[in-house]
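Summary of structural features
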Amino acid sequence: MFLSQFILFLSPSLMRKDLPRTVIPQHYVLSLDAGLDSFSGSVTIHLNAEEPVTTFKFNSEGLKLSGLKIVKDSDSKPGTTIQASTKEEVDFVTVNLENAIQGKFTLQVNFSAEYSTSLEGFYSSKYNGDPMFSTHFEPADARKAFPCFDQPDMKATFDIEIRVPAGYIALSNEKEIERKEEGEKVLFRFARTPVMSTYIVAYVVGKLGYVEEKGRIPIRVYAHESEKEWGRFALSIAVKTLEFYEKYFDQEYPLSKLDMVAIPSFAAGAMENWGLVTYRKTSLLFDANTTSTQSKKNIAMTVAHELAHMWFGNLVTMKWWDDLWLNEGFATWAAALAIAESCQTELEWDVWTSFVSDEIEKGMSMDGRRSTHSVGSVVDEPVEVNQKFDAISYSKGSSIIKMVQNWMGADTFKKGLIGYIKKFKYGNAVTGDLWACLTEAAEAAGQAVDVAAVVGPWVSRPGFPYISITETEDTIELVQKRFTIGYESEGDEPWPIPIRILWMGKEPESKSYLMDKETLSIKKEYPLYKLNDEVSGFYRTMYPEKQNERLIQYNGLSTSNVMNTIADIFALSRALHAKIQTAVGLVDYLDQETNYEILSLAISWLSYFRSLFYDNKAKYDYFHSKLLGMIKERFESIKIEKKDAPTDINTIMLDSLVVGRAVYLRFEPAIERLRGVKREDLNPEYLRSYFMARVDQDFKSVFSVYQTSTRPGEKQSALVALGSTQVEENVDFLFKSLEVVEPQDSIYLFMSLSMNISFRNKAAMLFIENFERIRKHIGNAGLVRYSIESMLSAIYEEEFKVKVKGFLESLKDDREMKSAMDKCNDELVIGEKIRAEYNSVNLD
Ligand code: BES
Ligand code: ZN
């Protein structure tokens, strides 16, 4: 007890697996030879020791090392070699020197290894049959590709050269400065990089073409020669957002070029390597014949997100992974800003409205669970860091940034950011540094705000509040409590909540308040009011009875405000603070609604409950018919042919939602219509629905579309459709053929199978039985976690649930799978509670 308190008090540094700062890298000369089967190379790292040292460590994992040499720099060359012995451990090497060394010296070492098979480090893949080799280092896999000081605060410059087989090209962070044939090989040399962290170093080798636009610097999208034209859309977003960020941050992009590359096998969506951003094909390539508008939005968001990292992350970097949210939360927020402000010609999209469901709701949904953690939680080693790339860092993180911006005002906030970038560029920062720069900007603007005091707790503490309201004659009385779902929490301090209330008088007026205690009494300006105006804060609201109905019926409530009202009441019902019937009752007011975002949100909540009661006919039917009621008529008026395609983005998205749901709900007229249309006449927005409607008629041919298509939208749609089959033998076949599904794609299949109500239990059992095989095939831990989360978090029928719980229990000591196991367990408990509560309640 005492000891653990003591450790907590002193953490993180006691437990942190990092390198001592006695020896600091300044420059790397990295020479690589990328063969077809394996790679090798040598690195010279220029180091500096402030104080004399006799021992130091560097990172290296799975590399065969040879010829290690330590050479003391001296002005009169050649340098002197210092005798050294080494000791290798799992991911680092200790060097022991015969004599103490101080000042500048170099470490030289040769290395070789097989390409990785887990989509991390330096790994191989195939692009339309051609071998391709690329890197993914974040958070801690540079050490698998070359010996280095692999942590974000050990920044250095890099000179990189790569030898590749003739016929291949090589790309790296900086521009090419030399290309030389050397027999069977070609040598590529690249310009020196700015000072940077190892996790954003990158190189790619392949047979690739590109499309290019030249602004202040050349920007290119690389893909297979036959697919490069699909890069145009991402290219236009890159041009616009890069220019936007340069202005917004008042700081030029510091490299001489920007390349973005499609990598056919890719674990994440994209990776912000400085100057050489890598992408999953679906997140970069837009093919007008098969890409949906949803995917187009995803491409735009992803490009904007990665380019935001060129400043937030690459230029200014978190000191340690505890502050990962400074990278990810910030980039998520900035991407929305950049698209809203600079890409409306490319994509007419109300991004901030989507932000409500994509980030705020997602963040709250995770943050209410028992297994949540604080945005700035302590992580000591790579296995933990990897599991921090989650909805807390991204979604809660970005929502909090939005909250601060709303609270301080956009101008002051921006000035604070500019100050932060100027002060920490080419260096590292912690969360407190950002608060200090924002406070400084506020002071300069004459605002008396203490940013750390108000915002600090949102980052340092897990969870978030809900505010319940009671009314008196002339006041509204607010009480805040922590919002938890599936468990009780006690002893939480109140959060300092910046509140905005929209008072609906003749002219609606938005007013700000700060609630820094458990209760707050506010003068009632008008009988009708909306808390959390424009969802400017990260909290939920529980209104007095009837207020929700009155809000929904109020004409002129903005889309975000309607979404927030619906989401809060559904979330409160899920947490058993309100009745499901009250939430569902609100949806009845959406009869005439035509807004995609609002309907999409309502439909996903109804679908959640439908799915939760999948084995309870009466309740299942209740939600099923509610959903059908929402889509039936809407479907009738939709035309699915290309020639009748709507043009405004709201209608495009709404129609696609309706058609997709109609098929998912097995609404016969929809299935028939999609079976009747010719593929060449079909509006590609409905491609997934098209395959879903046909999969049971012609399973083999949908399967072969998945196997043979190179078009990212088509391939993914076919796979999702396969998982929606209503024929049992097909499910068996899919599990027999798992190795045919590429590791990076398997998550789409599992997601689809988990949504397949008819075979969800069966698929979960097959998943468990085949888990070791699946894990081996997928290889990448992040993708395996994702698969577990989809497959095993909604199994409630007793005989299957027992097996799922047993399986999760068996993963108890598997640290790599911890977050997935926690999430499943939380979901199962939440679902059980709701099912028990409503067991004897008739919903109709
Ligand atoms: N830095 C991440 C990539 C990453 C993810 C590295 C997980 C290591 C582990 C990148 O900037 C990112 O956030 N990518 C997102 C896409 C984005 C649009 C949210 C992704 O990969 O999902
Ligand atoms: Zn990111």
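From a predicted model like this one, the values you see are computed outputs, not experimental measurements.

Surveying the vicinity of ligand 1 reveals 14 residues, the closest of which are Glu 138, Gly 269, Glu 272, Glu 306 and Tyr 394. Here His 305 contributes a side-chain N or O atom positioned 3.0 Å from an oxygen atom of ligand 1. For the shell around ligand 1, the secondary-structure elements that each account for two or more residues are β17 (270-271) and α3 (293-309). By residue number, the principal contributor to the shell around ligand 1 is α3, which donates 4 residues. Residues of the shell around ligand 1, tallied by class, amount to 5 nonpolar, 5 polar and 4 charged.

Here strand β1 (residues 23-34) runs beside strand β2 (residues 38-59); their pairing, made up of 11 bridges, is antiparallel. Counterpart to Tyr 28 in the pairing with β2 is Ile 45. Hairpin connection between β1 and β2: a loop of 3 residues separates the two successive antiparallel strands. Note that β1 and strand β9 (residues 157-165) share 7 bridges and pair parallel. Residue His 27 lies in a different strand from β9, and its bridge partner there is Thr 157.

Glu 138 connects to Pro 139 through a cis peptide bond whose omega is 0 degrees. For Pro 139, the location among the structural elements is in the loop between β8 (130-136) and β9. One non-glycine residue, Val 535, lies in the positive phi region at around 50 degrees. Here Val 535 is to be found in the loop between β26 (529-531) and β27 (540-542). Residue Val 535 is classed as buried on the basis of its relative accessible area of 2%. The phi dihedral of Lys 546 is positive, around 75 degrees, even though this residue is not glycine. Of note, Lys 546 is situated in the loop between β27 and α11 (547-553).

Turning next to the sheet that holds strand β23 (residues 497-503). Pairing within the open sheet is antiparallel, and its 3 strands lie in the order β24-β23-β26. One side of each edge strand has no neighbouring strand; the edge strands of this open sheet are β24 (509-515) and β26. Each strand axis lies, on average, 25 degrees off the axis of its neighbour in the sheet, ignoring direction. The pairing of β23 with β24 spans 7 bridges and is classified as antiparallel. From the neighbouring strand, Trp 503 faces β24, where its bridge partner is Glu 509.

Overall, the coordinates contain 55 aromatic pairs when judged by the stated rule. Their ring planes at 20 degrees and their centres at 6.5 Å tell us that Phe 699 and Phe 703 sit as a pair that is stacked. Of this pair, Phe 699 and Phe 703 both sit in helix α19 (residues 699-708), 4 residues apart, which is roughly one turn of the helix. Exposure remark for Phe 699: the relative accessible area of 8% places this residue in the buried category. Among the aromatic residues, those joined into a cluster by ring pairs are Phe 244, Tyr 245, Tyr 248, Phe 249, Tyr 253, Trp 311, Phe 312, Phe 330, Trp 333, Phe 413, Tyr 420 and Phe 424. Cation over ring: Arg 461 sits above Trp 495, and NZ or CZ is 4.2 Å from the ring centre. A cation sits over an aromatic face here: Lys 715 above Tyr 706, 4.2 Å from the ring centre.

Here we come to the coordination of the zinc ion (ligand 2). Donor atoms from the polypeptide that bind the zinc ion (ligand 2) are His 305 (NE2), His 309 (NE2) and Glu 328 (OE), placed at 1.9 to 2.1 Å. The sequence pattern formed by the donor residues of the zinc ion (ligand 2) is H-x3-H-x18-E. Of this pair, His 305 and His 309 both sit in helix α3, 4 residues apart, which is roughly one turn of that helix. Taken as a pair, His 305 and His 309 share a single burial class, namely buried.

This model, assessed by the stated rule, comprises 55 salt bridges. In this structure, Asp 250 and Lys 422 form a salt bridge, with 3.4 Å as the shortest nitrogen-oxygen distance. Of this pair, Asp 250 sits in the loop between α2 (232-248) and β16 (258-263) while Lys 422 is found in helix α8 (residues 410-424), placing the two residues 172 residues apart along the sequence. For Asp 250, a relative accessible area of 46% corresponds to the partly exposed category. Of the charged contacts, one joins Arg 773 and Glu 739 as a salt bridge, the two residues approaching to 2.7 Å between their closest N and O atoms. You can see Arg 773 sitting in helix α24 (residues 771-778) and its partner Glu 739 sitting in the loop between α21 (728-736) and α22 (743-755), a full 34 residues away along the chain.

For the rest of this paragraph, the subject is the environment of Asp 655. Among the secondary structure elements, Asp 655 is positioned in helix α16 (residues 649-664). On a C-alpha basis, the gap between Asp 655 and Glu 473 in space is 46 Å, while along the polypeptide they are 182 residues apart. Residues contacting Asp 655, with those up to four places away along its chain left out, are Ile 638, Pro 646 and Tyr 686.

Once that is clear, we can look at helix α25 (residues 781-792). Look at α25: 16 Å from first C-alpha to last across 12 residues, which is about the 16 Å you get at 1.5 Å a residue. For α25, the tally of buried residues reaches 9 of 12 residues, placing the bulk of the element in the interior. If you check which residues of α25 are buried, you get Ala 781, Leu 783, Val 784, Arg 785, Ser 787, Ile 788, Ser 790, Met 791 and Leu 792. Structurally, the start of α25 carries an N-cap: the backbone nitrogen of Gly 782 is 3.0 Å from a side-chain oxygen of Asn 780.

Criteria and cut-off values
- Residues numbered from 1 in each chain as written.
- Chains lettered and ligands numbered in written order.
- Predicted model: local features only at pLDDT ≥ 70, side-chain atom pairs only at ≥ 80, totals over all residues.
- Heavy atoms only, no water.
- Near = heavy atom within 4 Å.
- Polar contact = N/O pair within 3.5 Å; in protein donor to acceptor, adjacent residues only side chain to side chain.
- Helix = DSSP H or I, 4+ residues; strand = E, 2+ residues; numbered from the N terminus.
- Nonpolar A, V, L, I, M, F, W, Y, C, P; charged D, E, K, R; others polar.
- Pairing = 2+ DSSP bridges.
- Buried < 20%, exposed > 50% of the residue type's maximum accessible area, 1.4 Å probe, protein only.
- Axes fitted to C-alpha atoms, helices over the stretch in contact; angles between N-to-C directions.
- Phe/Tyr/Trp six-rings, centres within 6.5 Å; stacked < 30°, edge-to-face > 60°.
- Lys NZ or Arg CZ within 6 Å of the ring centre and 35° of its normal.
- Donors = N, O, S within 2.8 Å, 3.2 Å for Na, K, Ca; no water.
- Salt bridge = Lys/Arg side-chain N within 4 Å of Asp/Glu carboxyl O.
- Contact = heavy atoms within 4.5 Å.
- Expected span 1.5 Å × (residues − 1).

Nothing here speaks to function; it is all geometry.
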